[in-house]
Amino acid sequence: MSEKRNAGLTRRQLLLSSAGGAALGAVASAQAATIAGIPAWNPFDHNAPLFIDKPGWQFFSAAQAREVEAIVERLIPADELSASGKDAGCAVFIDRQLAGAYGGFERQYMEGPFQPGTAAQGDQSPLVPRERYRLGLAALEQYCQAQFGASFSALDDERRDAILAGLERGEIELLGIVASLFFAQILGNTLEGFFADPIYGGNRDMLSWRMLGFPGARYDYREHIARHNQKLDLEPLSIIGSSAWNRKG
């Protein structure tokens, strides 16, 4: 009886044998593809960037947008090198991000427990960006009205800077949200909007890229690869490309 079992195939051996045979068959029947020359390439054929191409505010109310523009204008003030965060479109960038998947942290794990962590553990708040802005802007309005009888946007630059510094240091108490959390949120988003690709609403006219000399989203540097230690002065390109990319033939 034992000898008969050893002489035949077990179920496990049969399955392994079948799987191996199927794999060999697939390899044998596969057709190799040969690519000659440079493959055709069209920007965003299969993976278009996610952005909102609509006029007007998509998330903020007109009043909220006014306050956000006043904040980003002081976080990145205009100087001899660049326009302000407001003129660069940082508030528009933030508005578009909040109206999209980022606003709800849809790609992040947002289940509890929520409890304070160490500085190395990063953000532990249960509030998604949309909630942070709603709570933060409402609380900032309440604070400014109570202290100065006016909205943040109506205050002079010196007073606005002092308020932002107080938020950053956590010296100002806001109702419903930790002041430093709100400040970190809007500061980070402002910097993103200032340096991100213009397709997302900020970095208007690629002003930050021009200031830094960043060439943008160029996919081909073969014409310049042999030029070492030279200033190229390349016109920056958005990831949406240029009209030259759409030429046929």
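Residues numbered from 1 in each chain as written. Predicted model: local features only at pLDDT ≥ 70, side-chain atom pairs only at ≥ 80, totals over all residues. Heavy atoms only, no water.

Novice: Could you give me a rundown of the overall build of the chain, with the residues and numbers involved?
Specialist: If you tally the helices and strands in the chain, you get eight helices and zero strands. Order of helices (α) and strands (β) in the chain, N terminus to C terminus: α-α-α-α-α-α-α-α. Sorting the 249 residues of the chain into buried and exposed places 32% on the buried side. Considering only contacts in the chain between residues 6 or more positions apart, those separated by 24 or more positions represent 61%. Summed over all atoms, the accessible surface of the chain reaches about 16,600 Å², with 53% contributed by carbon and sulfur. (Helix = DSSP H or I, 4+ residues; strand = E, 2+ residues; numbered from the N terminus. Buried < 20%, exposed > 50% of the residue type's maximum accessible area, 1.4 Å probe, protein only. Contact = heavy atoms within 4.5 Å. Areas by Shrake-Rupley, 256 points an atom, 1.4 Å probe, with all protein chains shown as cover.)

Novice: An account of the packing of aromatic side chains is needed here, citing residue identities and associated values.
Specialist: The full count for this structure, using the stated rule, is eight aromatic pairs. Between the aromatic rings of F59 and F60, the centroid separation amounts to 5.4 Å while the plane-to-plane angle is 65°, which identifies the pairing as edge-to-face. An angle of 85° between the planes, with centres 5.1 Å apart, marks the rings of W209 and F214 as edge-to-face. Here F214 falls in the partly exposed class, since its relative accessible area comes to 38%. Through a chain of ring-to-ring contacts, the aromatic side chains of W57, F59, F60, Y133 and F182 assemble into a single cluster. (Phe/Tyr/Trp six-rings, centres within 6.5 Å; stacked < 30°, edge-to-face > 60°.)

Novice: Before we move on, could you go through the environment of E131 and cite the residues and values that matter?
Specialist: Along the chain, E131 falls in helix α5 (residues 129-148). Setting aside residues no more than four positions away along its own chain, E131 makes contact with P126 and G136.

Novice: How would you sum up the packing of helix α3 (residues 62-75) against helix α7 (residues 179-195)? Please name residues and give values.
Specialist: Their axes nearest at 10 Å, the elements α3 and α7 cross at an angle of 70°. It follows from the interaxial angle that α3 and α7 lie roughly perpendicular. In contact with V68, I71, V72 and L75 of α3, α7 contributes F183, I186, L187 and T190. Across the contact of α3 with α7, the residue classes break down as seven nonpolar, one polar and no charged. (Axes fitted to C-alpha atoms, helices over the stretch in contact; angles between N-to-C directions. Parallel < 35°, antiparallel > 145°, perpendicular 65-115°, else oblique. Nonpolar A, V, L, I, M, F, W, Y, C, P; charged D, E, K, R; others polar.)

Novice: With reference to specific residues and values, describe the confidence of the model for the chain.
Specialist: Confidence along the chain averages 82 in pLDDT terms, with 75% of residues attaining 70 or more. By mean pLDDT, helix α1 (residues 2-7) is the weakest element of the chain at 49, and α3 is the strongest at 98. In this model residues 26-30 is a low-confidence stretch, pLDDT under 50, and it forms zero contacts with partners more than four residues away in sequence or in other chains. (pLDDT = per-residue confidence, 0-100.)

Novice: I'd love a proper account of a nonpolar patch on the surface, names of residues and values included.
Specialist: A cluster of nonpolar residues, L81, L191, F195, M211, L212 and F214, forms a patch on the protein surface that exposes about 570 Å² of accessible area. Those elements giving two or more residues to the nonpolar patch turn out to be α7 and α8 (207-212). Note on L81: relative accessible area 60%, which makes it exposed. (Patch = residues over 30% accessible without salt bridge, like charges linked within 9 Å, V, L, I, M, F, W, Y side chains within 5 Å. Salt bridge = Lys/Arg side-chain N within 4 Å of Asp/Glu carboxyl O.)

Novice: So what about the packing of α3 against helix α6 (residues 157-169)? Which residues, and what values?
Specialist: Across the interface, α3 lies against α6 with an axial gap of 10 Å and an inter-helix angle of 90°. Of the possible angle classes, the one that applies to α3 and α6 is roughly perpendicular. Contacts between α3 and α6 involve A70, I71, E73, R74 and L75 on the former and, on the latter, D157, R160, D161 and L164. Classifying every residue of the contact of α3 with α6 by side-chain character gives four nonpolar, no polar and five charged.

Novice: Tell me about the nonpolar core, and please be specific about residues and values.
Specialist: Counting 38 residues, the largest nonpolar core has F60, I94 and L167 as the members making the most contacts within it. Looking at this core, the elements that each hand over two or more residues are α3, α4 (90-99), α5, α6 and α7. In this structure, L167 is in contact with L140, I172, L174, A179, S180 and F183, ignoring residues within four places of it in sequence. (Core = buried A, V, L, I, M, F, W, Y, C linked by side-chain atoms within 4.5 Å.)

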